[in-house]
Amino acid sequence: MPQEILATFNVRRLSILDPDGNVDEALMPELPDAELRRMYEMMVLLRTYDNRALALQREGRLGTYPPSFGQEAAQIGSAFALKPTDWVFPSFREVGIHLTLGYPIAQLYQYWAGDERGQRGPDHLNIFPFCVSVGTHLPHAVGAALAARYRKDPVAVAVFFGDGATSKGDFHEAFNMAGALNAPVVFVCQNNQWAISIPVREQTAAATLAQKAFGYGFEGIQVDGNDVLAVYRGVKEALDRARDGGGPTFVECLTYRMADHTTADDAARYRPPEEVASWRERDPLLRLERFLARRGLWDEAYRNQVQEQVQQTVDAGVRAMEEIPPPERSDLFTYTAAAPTPRQAAQLEES
Amino acid sequence: MPHLNMVQAINQALAQEMERDDRVVLLGEDIGKDGGVFRVTEGLWERFGAERVIDTPLSESGIVGTAIGMAAYGLRPVPEIQFLGFAYAALDQIFTHAARIRNRSRGRYSCPMVIRTPYGGGIKAPELHEESSEALFCHMPGIKVVVPSGPYHAKGLLLQALRDPDPVLFLEPTRLYRMIREEVPEGEYTIPLGKARVVREGKQVTVVSWGSMLERVLKAVGPEAEVIDLMTLSPFDAETVLASVRKTGRAVVVQEAPKTGGFGAEIVATIAEEAILYLRGPVLRVAAPDVTMPLPKLIDAYLPTMDHISNAVQEVLRY
Ligand SMILES: Cc1ncc(C[n+]2csc(CCOP(=O)(O)OP(=O)(O)O)c2C)c(N)n1
Ligand SMILES: [Mg+2]
């Protein structure tokens with residue numbers, strides 16, 4: 001008997017904008033000029049927010065902080081694809097999503113300064129708190145997606161995680177559950193190619209992360225994660241499909257962590273400076289600038305104006321953060337459960 | 001009043017709450033078409049449909065993690081873990097997320113869900129099917145641990161757990177599933193969480209127990225003993241225990257689990273802190289030895305017996 005081929009898979013890669021800012025018009029998503037400029041403004045905001053966080057950390061005003069430097073397109077492109085009613089399950093390195101959706105900057109800094117109250121998002125946003133335990137939040141997104149479908153809400157769920165997270169059991173349990181139950185969920189991997197000191201080629205023997213989805217019965221696609229238009233298009237198509245009952249999709253955004261893992265890390269110990277330098281040339285922000293300039297949507301005056309505005313926004317966020325009074329001791333107890341146990345009530349009285 | 005066993009009482013509670021509250025959905029391995037390996041969810045898939053009684057892949061962490069997301073979205077999921085020993089694969093979800101999401105989100109999200117799972121020894125099952133590791137969960141703030149000891153209490157406690165705003169681990173003593181039949185009212189009723197009950201009054205010694213051990217305690221002790229069924233381990237009802245110990249001046253705690261670090265230790269410590277001046281002698285623990293749960297051939301050498309219990313009671317009565 002001849003051998004049969006039972007299944008074959010093709011992993012697509014989507015890229016729209018090249019490093020010089022040339023765009024593939026056939027793939028260009030429909031975005032009005034004002035939206036293109038807003039994307040740019042959000043990317044500048046994220047970078048400025050990020051740099052300020054590093055400065056605040058050096059001054060001892062923030063604790064350990066994980067920068068987003070280099071991943072602006074992957075984050076902002078994803079955020080633009082979301083509808084306000086969609087649910088978001090972030091890891092800890094996607095504040096670009098928060099900033100785009102309007103999460104208060106003061107609260108983001110407040111959280112990284114070690115104040116849990118920063119995690120209480122505004123009620124109109126469906127953003128789950130940061131998940132510090134890598135990759136363990138993926139099943140939550142599947143659950144929220146199934147709940148939304150049960151309620152017949154026109155909602156899709158997006159969950160964000162890094163390349164390191166793809167090695168966790170919960171990644172696989174969530175992918176499998178989502179495929180088996182056809183959950184309206186989009187898995188978005190920020191493949192920044194490093195999990196602290198472990199490069200992605202040591203994280204897995206697979207040639208791409210995207211291909212892992214096929215093992216669970218749905219499509220995985222790789223997008224150029226430094227191309228905000230490709231990220232936007234890839235994530236948006238996946239979210240639309242989820243909302244239309246088409247089930248889960250995995251979008252791998254191939255990007256690069258240009259900074260240290262966190263402020264407590266020194267990446268020079270484990271990765272060559274030439275590698276970092278080569279990615280500087282693929283800076284997602286530069287690429288969008290070049291594209292916008294070609295469209296007549298960007299010049300130095302506009303850039304200066306954006307930078308000034310963003311600076312003011314970030315300054316105001318820092319000031320607001322520093323005006324927040326420190327938490328009370330009673331705050332330890334308030335949210336452990338809806339009501340304190342008798343012992344907790346007694347412990348609250350002691351001090 | 002109908003006489004039901006615990007399987008039937010739990011099934012009735014689930015059905016009634018699903019009827020009353022469309023937020024309640026069940027998920028787990030083999031719980032739908034098959035009605036669960038112990039038939040606890042029998043008939044619910046037919047009655048409420050596959051959207052509310054979800055047959056999942058074999059994926060304990062995935063089941064609990066999915067339930068957490070459902071709860072955050074506003075449902076009241078009831079994940080079933082087929083046996084407590086397999087909840088070890090879901091400990092990360094329970095400890096890292098279910099027990100903490102209210103705190104982490106400062107009250108924006110909560111996790112009202114009931115993790116149901118058969119627990120305890122004596123059912124001639126393979127390895128990891130008979131664990132009694134309740135103490136692990138009692139150490140984690142943010143999750144309640146409830147253990148019924150018979151059909152009547154199983155129904156009332158489960159209905160209350162299903163209405164609790166926070167996660168509850170509901171441990172169903174497997175050995176008792178079909179052993180005890182009791183009158184169980186057909187209508188809804190709830191039994192508060194965090195409250196113990198005095199099963200039998202006595203004057204000379206307090207015997208504290210829960211779950212499947214209670215059945216042995218009641219057979220092993222005489223009228224001198226005041227028997228307390230904790231029903232909820234976390235948070236446990238210290239007041240009822242202390243009031244009894246202040247009256248009797250003696251105490252024995254009976255648990256099925258290994259002795260060291262078991263939940264009995266917490267009760268003994270509480271008595272030592274709050275009622276030591278009322279004691280006439282040592283407080284004793286009856287527990288399994290600190291060994292790995294054996295397979296059925298050695299189960300009788302492992303589980304506390306009626307003799308162990310009555311000997312401990314006689315011992316403290318000497319003081
Ligand atoms: C379960 C778990 N293990 C280890 C850690 C410590 N840790 C924090 S981030 C990280 C690497 C994560 O890599 P990746 O998923 O690629 O995300 P990235 O940091 O690159 O955004 C590690 C090992 C953790 N937070 N959680
Ligand atoms: Mg990474």
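Residues numbered from 1 in each chain as written. Chains lettered and ligands numbered in written order. Predicted model: local features only at pLDDT ≥ 70, side-chain atom pairs only at ≥ 80, totals over all residues. Heavy atoms only, no water.

Once that is clear, we can look at the site of ligand 1. All names here are of chain A. Close contacts around ligand 1 come from 15 residues, with Arg93, Val132, Gly164, Asn192 and Trp194 the closest. Val132 places a polar main-chain atom, nitrogen or oxygen, 2.8 Å from a nitrogen atom of ligand 1. Between ligand 1 and Trp194, the relevant distance is 2.8 Å, taken from an oxygen atom to a main-chain nitrogen or oxygen of the residue. If ligand 1 stood free it would expose 580 Å²; the protein chains cover 71% of that surface. Partitioned by chemical class, the residues of the shell around ligand 1 number seven nonpolar, five polar and three charged. (Near = heavy atom within 4 Å. Polar contact = N/O pair within 3.5 Å; in protein donor to acceptor, adjacent residues only side chain to side chain. Areas by Shrake-Rupley, 256 points an atom, 1.4 Å probe, with all protein chains shown as cover. Nonpolar A, V, L, I, M, F, W, Y, C, P; charged D, E, K, R; others polar.)

Turning to unusual backbone geometry, a few remarks are in order. A cis amide bond links B:Ser234 with the next residue in sequence, B:Pro235, at an omega value of 0°. Note on placement: B:Pro235 falls in the loop between strand S12 (232–234) and helix H9 (238–248). The phi angle at A:Lys152 is positive, at roughly 55°, despite the residue not being glycine. Summarising the element assignment, A:Lys152 is placed in the loop between helix H5 (138–150) and strand S3 (157–162). With a phi close to 55°, B:Lys124 is a non-glycine residue in the positive phi region. (Helix = DSSP H or I, 4+ residues; strand = E, 2+ residues; numbered from the N terminus.)

It is worth spelling out the UniProt feature "domain: Dehydrogenase E1 component" (unreviewed entry) in chain A at this point. In the UniProt entry, the feature "domain: Dehydrogenase E1 component" (unreviewed entry) is given for residues 40–327 of chain A. Along residues 40–327 of chain A, the helical share is 46% and the strand share 11%, with 36 Å between the first and last C-alpha atoms. (UniProt positions renumbered as here; feature names shortened; annotations may be inferred.)

Residues and elements named next belong to chain B. Buried residues dominate strand S5 (residues 114–119), accounting for six of its six residues. Of the two faces of S5, the one carrying Val114, Arg116 and Pro118 and the one carrying Ile115, Thr117 and Tyr119 are both buried. Looking at chain direction, S5 and strand S7 (residues 168–173) are connected through six bridges and run parallel. Within the sheet, the bridge partner assigned to Ile115 lies in S7 and is Leu169. (Buried < 20%, exposed > 50% of the residue type's maximum accessible area, 1.4 Å probe, protein only. Pairing = 2+ DSSP bridges.)

Residues and elements named next belong to chain B. What the five strands build is an open sheet, ordered S9-S11-S10-S13-S14; its pairing is mixed. Unpaired on one side and paired on the other, strand S9 (197–200) and strand S14 (284–288) mark the two borders of the sheet. In this sheet, adjacent strand axes meet at a mean angle of 25° when their direction is disregarded. Bridging between strand S10 (residues 205–209) and strand S11 (residues 225–229) involves five bridges; their strand directions are parallel. Among the inter-strand pairings, Ser209 is bridged to a residue of S11, identified as Asp229. (Axes fitted to C-alpha atoms, helices over the stretch in contact; angles between N-to-C directions.)

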